[in-house]
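Descriptive analysis of the structure
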Amino acid sequence: ISDSVAVTGAAAVAVVRAIKELTLIEPKIKWVNDIFVDGKKVCGILTEAVTDKNGVTSVVVGIGINVATADFPEELKSVAGSLGVALNREDLAKSVIKHLQRLILELPKRTYLEDYKTHSCVLGREVVYVEKGAEFKAKAVDIDENGGLVVIDQNGNKKTLSTGEISVKLM
């Protein structure tokens, strides 16, 4: 897993820190790029590495936060939510950027990982991951230094999952 994957984790922590800084809300991170409040997704983060023949040249991060959306389509009502508080979007954006800039400067030290683990809603839980079209059940036990999800499968085997090969959902 490259530093570009770690950027996604750092962005998740930046969003969590910004929300906590401006509200009384305690957001949770669903590995690797979703933020949940009260069991519903309020934020998604997309990270894309830009490459050339020499490797990664830059990373583009897109962050979408549902601040006050109250009317979701029927098929999303059970899974999508919003912060639901009076919040200045500009202040929220500034706070996210401020935290992300700090975390990116510290990326090689992985300073975001402690907060990432603390706010995880996956660690210690049973998860289902998809790999090569097949579903597997495992227990999420850790996030490694590169942002990989460490799981122990039903046979007791430890495996580290990366975003490129799986999707994870809470059971």
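Located above this text is the structure these notes cover.
Below or above, wherever it landed, is the structure these notes cover.

Structural notes on the pattern of salt bridges
It is possible for side chains of opposite charge to pair when their charged atoms get near one another. Inspection of every chain in the model, using the stated rule, returns eight salt bridges. The partner of D115 in a salt bridge is R17, with the nearest N and O atoms 2.7 Å apart. With D115 in helix α3 (residues 113–118) and R17 in helix α1 (residues 3–22), this residue pair connects regions lying 98 residues apart in the sequence. Residue class for R17 comes out partly exposed when judged on its relative accessible area of 26%. Between E26 and K20 there is a salt bridge, with its nearest N and O atoms 3.6 Å apart.

Looking at the nonpolar core
In this structure, I35, Y112 and Y116 are the most contacted members of the largest nonpolar core, which totals 41 residues. Of all the elements in the fold, those that place two or more residues in this core are α1, β2 (34–37), β3 (40–52), α2 (89–105), α3, β5 (126–131), β6 (134–143) and β7 (149–153). Among the elements that line this core, the one with the most residues is α1, at 11 residues. In this structure Y116 touches G9, A12, V13, I29, W31, V32 and I143, once residues within four positions along its chain are discounted.

Observations concerning the environment of F72
Tracing the sequence through the fold places F72 in the loop between β4 (55–65) and α2. Here the alpha-carbon distance between F72 and S82, two residues 10 residues apart in the chain, equals 9.8 Å. The residues touching F72, leaving out its near neighbours within four places in the chain, are N66, K77, A80, G81 and S82.

Parameters and conventions
Residues numbered from 1 in each chain as written. Predicted model: local features only at pLDDT ≥ 70, side-chain atom pairs only at ≥ 80, totals over all residues. Heavy atoms only, no water. Salt bridge = Lys/Arg side-chain N within 4 Å of Asp/Glu carboxyl O. Helix = DSSP H or I, 4+ residues; strand = E, 2+ residues; numbered from the N terminus. Buried < 20%, exposed > 50% of the residue type's maximum accessible area, 1.4 Å probe, protein only. Core = buried A, V, L, I, M, F, W, Y, C linked by side-chain atoms within 4.5 Å. Contact = heavy atoms within 4.5 Å.

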